[in-house]
Amino acid sequence: MDKFHSIVLPLKNKLYRFALSIVYDSAEAEDIVQDIMLKLWSKKDEWDQIENLEAYCFKATKNLSLDKLASNELRMTESIDEDKESNSITEHETPFSLISRKETQSNIYKCIEQLSENQKMVFQLREIEEMSYKEIAEALDITEDSVKVNLFRARKKIKELLSNFEG
Amino acid sequence: MDNSYIYILLDKYWKCETNADEENQLHDYFSNENIPQDLQKFIPLFSYKNSMKTNYLSPDFDYNLQKAILSSKKKTKKYIIIKIFAPALRIAVSAVLVAAMGLGIYFIAKANNKTYFAETYNDPKPAIKQATFALDKLSEALNAGEKASKETLQYINDMEIDWISIDSLMQENIELDSAISEQKVNDTNL
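Only a predicted model underlies this, so the values are computations on that prediction, with no experimental measurement involved.

A. Structural view of the packing of helix 2 (residues 20–30) of chain B against helix 3 (residues 43–53) of chain B. Residues and elements named next belong to chain B. Two numbers describe how helix 2 lies on helix 3: the axes approach to 9 Å, and their chain directions differ by 105 degrees. In terms of their interaxial angle, helix 2 and helix 3 are classed as roughly perpendicular. Mapping the contact onto sequence places Asn24, Leu26, His27 and Phe30 in helix 2 and Ile43, Phe46 and Lys49 in helix 3. Class assignment for the residues of the contact of helix 2 with helix 3 results in four nonpolar, two polar and one charged.

B. The arrangement of the packing of helix 3 (residues 26–42) of chain A against helix 4 (residues 53–72) of chain A in detail. Residues and elements named next belong to chain A. Viewed as axis vectors pointing N to C, helix 3 and helix 4 meet at an angle of 135 degrees, and their least axial separation amounts to 10 Å. What the angle tells us is that helix 3 and helix 4 run oblique. Judged by the twist between their axes, the crossing of helix 3 over helix 4 is right-handed. Listed contacts from helix 4 to Glu28, Ile32, Asp35, Ile36 and Leu40 of helix 3 are Leu53, Tyr56, Cys57, Ala60, Thr61, Leu64, Ser65, Lys68 and Asn72.

C. Representation of the packing of aromatic side chains in the model. Enumeration over the complete set of coordinates arrives at 11 aromatic pairs over all chains. An angle of 5 degrees between the planes, with centres 5.9 Å apart, marks the rings of Phe4(A) and Trp47(A) as stacked. Of this pair, Phe4(A) sits in helix 1 (residues 2–8) while Trp47(A) sits in the loop between helix 3 and helix 4, and the two are 43 residues apart along the sequence. The residues Phe4(A) and Trp47(A) share a single accessibility class, namely buried. Members of the aromatic cluster, joined through ring pairs, are Tyr13(B), Trp14(B), Tyr29(B), Phe30(B), Phe42(B) and Phe46(B). Seen from the ring of Tyr13(B), Arg155(A) lies directly overhead, with NZ or CZ sitting 3.8 Å from the centre.

D. Examining the interface of chain A and chain B more closely. Taken together, the contact pairs 40 residues of chain A with 35 residues of chain B. Summed over both partners, the interface of chain A with chain B comes to about 3,500 Å²; 63% of that surface belongs to carbon and sulfur atoms. Mapped by element, the contributors of at least two residues to the side of chain A that touches chain B are helix 2 (12–23), helix 3, helix 6 (95–100), helix 7 (103–113), helix 8 (117–127) and helix 10 (144–166) of chain A. With nine residues, helix 10 of chain A is the largest single contributor of residues to the side of chain A that touches chain B.

Rules used in this analysis
- Residues numbered from 1 in each chain as written.
- Chains lettered and ligands numbered in written order.
- Predicted model: local features only at pLDDT ≥ 70, side-chain atom pairs only at ≥ 80, totals over all residues.
- Heavy atoms only, no water.
- Axes fitted to C-alpha atoms, helices over the stretch in contact; angles between N-to-C directions.
- Helix = DSSP H or I, 4+ residues; strand = E, 2+ residues; numbered from the N terminus.
- Parallel < 35°, antiparallel > 145°, perpendicular 65-115°, else oblique.
- Contact = heavy atoms within 4.5 Å.
- Nonpolar A, V, L, I, M, F, W, Y, C, P; charged D, E, K, R; others polar.
- Left-handed = near helix turned anticlockwise from the far one by under 90°.
- Phe/Tyr/Trp six-rings, centres within 6.5 Å; stacked < 30°, edge-to-face > 60°.
- Buried < 20%, exposed > 50% of the residue type's maximum accessible area, 1.4 Å probe, protein only.
- Lys NZ or Arg CZ within 6 Å of the ring centre and 35° of its normal.
- Buried area = accessible area lost by both parts, 1.4 Å probe.

Written out as structure tokens, the structure reads:
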């Protein structure tokens, strides 16, 4: 019970943003976080066996989000078109809507969309949640080297794409 | 902040050599308004964090989660009741299964219990001896019967009976008998 309030619940918005960065739908992301919380609650007897509860939460969110993405085919590729973007993202009044008002700022979403799922997740956890390489490695169940490689490629690609947009 | 320092930081950033503090400095720098023309293209990258950071779950998330947890607890209670009775249920199911199997075996055995072939001896050797003796006796008896039959036939043949005349005699007797019976019928009718 204490761990739920001290570790799991404070993660809710981080998990939500992480899920949102994968499924690009706020309602879907909220459902994912609720499912994860419920799942964790039902397994509270096993919490002592989980070494890193925070990493476990991120892993579970990643897996469920990717599952939902695969089943619902909620892809940002469909929203590259400005109209579609406003339909799928601004519907639930997220800051995506505020950002997409400016043409230059919406470019970043187009860039992120070009990244692989791993690059996207690593970029999200590093840039937004300011997690260390080690924390990201544990959260995504990959090596630290893999985190660095994915982040390097993600930043490189974004740099190239942003430069191209300008050109 | 010195622009040259920003270029150095940016270079480190692209190479993934910046720490969290340095990355925060970059974010702070790009949130300012006086950004050199050649760096303006990177503003969306560093403003992305601020825009994403303002993404929160809806205010009723905690309430909905609490409701979901409570409803899952109710389901768990039902499960607990079943769990409590699980040992008793297991015993009951086992007993029923054993009884069903017992009855099944009993009826099958009963149905199959008809003796198609049963041995009536305990020691096979004397049994074979006795059977051989019995078969010998039967064989002797059959041989004796055959021999007697042959002798009788030979004896009859030796008598040289005129079977044709016997047959004609027998035929005459039959005709005579039928004539007598017809006569009797006529007499009674009169």
